[in-house]
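Fold and contact review
The residues making up each chain are set out below.
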Amino acid sequence: MLETTMAAIRPLDEQAMAAAADVQRRLTKPAGSLGVLEDLSVRLAGLAGACPPPLPEPAAVAVFAGDHGVHAQGVTPWPQEVTAQMIGNFLAGGAVVNAFARQAGATVTVVDVGVATPPAPVGAPPSGASTAGAAGPRLVEANVRRGTRDLSVTAALTRDEARAAVETGIRVAGELVDAGAAVLLTGDMGIGNTTPAAALIAAFAGADPAAVTGRGTGVDDQTYRRKIEVVRTALRRHEPDPADPLGVLAAVGGLEHAALAGLILGAAARRVPVLLDGVIAGSAALAAAAFVPSATDAMVAGHRSVEPGATVALRRLGLTPLVDLGLRLGEGTGALLALPVVAGAVRVLHEVATFDSAGVAEK
């Protein structure tokens, strides 16, 4: 499945991009006045092979959840049980991602790809929560293993386990697109998952661990220093080769990171845009680009996370974040907030009049 998906990823359609750029020049506005949104609309036309490209609706958020053996190194003060408990919260509709998804009319699919303990029971929806505009959250049980191994001691995953997680993401992407999704949004949940994210970004970007490791949920100085050293130790132990993305994911990645890389590859193969969330998505996007460089054509950077690795990842990918709000929650929240911006970029090509059609004089 991985190889056939990679083979299906093709470059952008130059003819559709040229048509979109021509339309942008003729719309009733100063040329270039919409900044990066004009470039985005042109790229999405190239991805779709049509001008104008389809509106990015309906939208589907895929929240991949997993646990991490490196939790044993004290890289976070949060107990590992929170991962499964938050899955229950997602399914009950009580998390921030649920609130933002309801606002955007997006569906939420939660994928257990590597949670250490079975998810907590689903409770009642939060009081006052409106369910209008989006179907209720659903759970996909696709657990590859009950959490990764400790990446600072041994490889986090075997190559077969990493492949299984990547292919889970590919399958989820295909199922969501087949169900009608016109844009996919990345989400994640996993206590301790910013540690493997930092290791992945350092490996793929050739960056120093101190430059890409952040405070995650807000750790103190002592824990932060320990976290950097854990990442440094893992990279020194495994010496991951960025030319072997599956090997990098196996050595220092997480199951949710690998699955997100698969989701991105699956979206690119189906020529559907994928809106990236924060640092976890950025690390997964680097893996996807290492598999197939042109997979970046399908990526849209939703926001700039305050995690330093996110900026390094986006710079490496050549992506400009659409919003910068100081977010570091994950779950897909930043991607959801950026969704209306993406929709606006496309809607301009659909609805704004040209100078000729509106009878407006050009300069």
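The rules behind these values
- Residue numbers restart at each chain and count upward from 1, following the sequence in its written direction.
- Where local features are concerned, this predicted model is filtered to residues with pLDDT of at least 70; where side-chain atom pairs are given and counted, the filter is 80 or more; whole-chain, interface and lining totals use all residues.
- The basis for every side-chain value is the complete set of non-hydrogen atoms in the structure, without hydrogens or water.
- What counts as a helix is a DSSP run of H or I of at least four residues, what counts as a strand is a run of E of at least two, and both are numbered from the N terminus.
- The size measure is the radius of gyration over C-alpha atoms, and the globule rule it meets is 2.2 Å times the number of residues to the 0.38 power.
- Note on exposure labels: buried denotes an accessible area under 20% of the residue type's maximum, exposed denotes more than 50%, and partly exposed covers the range between, all computed with a 1.4 Å probe on protein chains only.
- The criterion used for residue contact is that any of the two residues' heavy atoms lie within 4.5 Å.
- Using a 1.4 Å probe, the Shrake-Rupley method yields the accessible areas, and only the shown protein chains count as cover for residues.
- We treat Lys and Arg as the positive residues and Asp and Glu as the negative residues; His and chain ends play no part in the count.
- To locate a charge, the coordinates of NZ of Lys, CZ of Arg, CG of Asp or CD of Glu are taken.
- Here a helix's expected span is defined as the number of its residues, less one, multiplied by 1.5 Å.
- Paired strands, as defined in this entry, are two strands with at least two bridges between them according to DSSP.
- UniProt positions are given in the numbering used here, feature names are shortened, and annotations may be inferred rather than shown by experiment.
- Only one rule defines a salt bridge in this text: a Lys or Arg side-chain nitrogen within 4 Å of an Asp or Glu carboxyl oxygen.

Considering the overall build of the chain
- Secondary structure summary: the chain contains 15 helices and 6 strands in total.
- In terms of C-alpha radius of gyration, the chain reaches 20 Å, essentially the compact-globule figure of 21 Å for 363 residues.
- Each principal axis of the C-alpha atoms in the chain carries an extent, and together these give about 70 × 45 × 40 Å.
- Counting the 363 residues in the chain, one finds 57% classified as buried.
- Looking at the chain alone, contacts between residues at least 24 apart form 81% of all its contacts between residues at least 6 apart.
- Accessible surface for the chain amounts to roughly 14,000 Å². Of this, 54% is attributable to carbon and sulfur atoms.
- Each charge class in the chain was averaged separately, 28 positive and 34 negative side chains, and the resulting centres sit 3 Å apart.

Observations regarding helix α13 (residues 308-317)
- Most of α13 sits out of view: 7 of its 10 residues are buried.
- Here the buried face of α13 lies against α7 (194-205), α8 (209-212), α12 (279-291) and β6 (299-301).
- One or two residues past the end of α13 sits Gly-318, with phi positive at roughly 75°.

Observations concerning the environment of Arg-159
- Its place among the elements puts Arg-159 in helix α6 (residues 159-178).
- Once the C-alpha coordinates of Arg-159 and Val-248 are considered, the two residues, 89 residues apart in sequence, prove to be 9.2 Å apart.
- If we skip the residues at most four places from it in the chain, Arg-159 touches Asp-244, Leu-246, Gly-247 and Ala-250.

Re helix α3 (residues 36-48)
- Between its first and last C-alpha, α3 extends 18 Å over 13 residues, near the 18 Å set by a 1.5 Å rise per residue.
- Once α3 finishes, Gly-49 follows within two positions and takes phi at roughly 70°, a positive value.

Notes on the pairing of strand β2 (residues 107-114)
- With respect to burial, β2 is a largely interior element, 7 of its 8 residues being buried.
- By the bridge criterion, 7 bridges tie strand β1 (residues 59-66) to β2 in an arrangement that is parallel. What sits directly across from Ala-60, in β2, is Thr-107.
- Across 4 bridges, the pairing between β2 and strand β3 (residues 138-141) is parallel. Looking across to β3, one finds that Asp-112 is bridged to Glu-141.

So, the UniProt feature "active site" (unreviewed entry) in the chain
- Mapped onto this numbering, the UniProt entry gives "active site" (unreviewed entry) at Glu-331.
- Mapped onto the elements of the fold, Glu-331 is located in the loop between α13 and α14 (333-351).
- Ignoring any residue separated from it by four or fewer positions in sequence, one finds Glu-331 in contact with Val-61, Val-63, Met-86, Phe-90, Ala-95, Val-96, Val-97, Gly-187, Asp-188 and Asp-277.

What to know about the side chain of Asn-193
- Topologically, Asn-193 is positioned in the loop between β4 (183-189) and α7.
- Beyond its immediate chain neighbours, meaning those up to four positions away, Asn-193 contacts His-68, Asp-188, Glu-256, His-257 and Ile-280.

Some points on the pattern of salt bridges
- Counted under the stated rule, the structure contains 17 salt bridges.
- With its nearest N and O atoms 2.7 Å apart, the salt bridge here joins Lys-29 to Glu-38. For the pair Lys-29 and Glu-38, a shared accessibility class is recorded, and that class is buried.
- The residue Glu-57 makes a salt bridge to Arg-347 at a minimum N-O spacing of 3.7 Å. Here Glu-57, found in the loop between α3 and β1, pairs with Arg-347, found in helix α14; they are 290 residues apart in sequence, far enough to count as distant.
- Overall, the relative accessible area of 45% leaves Glu-57 in the partly exposed class.
- Its relative accessible area of 30% is what places Arg-347 among the partly exposed residues.

Concerning unusual backbone geometry
- Put simply, Cys-51 and Pro-52 share a cis peptide bond, and its omega is 0°.
- Secondary-structure assignment places Pro-52 in the loop between α3 and β1.
- Here the amide bond leading from Glu-57 into Pro-58 is cis, since omega sits at 0°, within 30 degrees of zero.
- Tracing the chain through its elements places Pro-58 in the loop between α3 and β1.
- The phi dihedral of Glu-239 is positive, around 45°, even though this residue is not glycine.
- Turning to its location among the elements, Glu-239 is positioned in the loop between α9 (221-238) and α10 (245-252).
- In the Ramachandran plot, Arg-271 falls in the positive-phi region, its phi being about 60° despite a non-glycine side chain.

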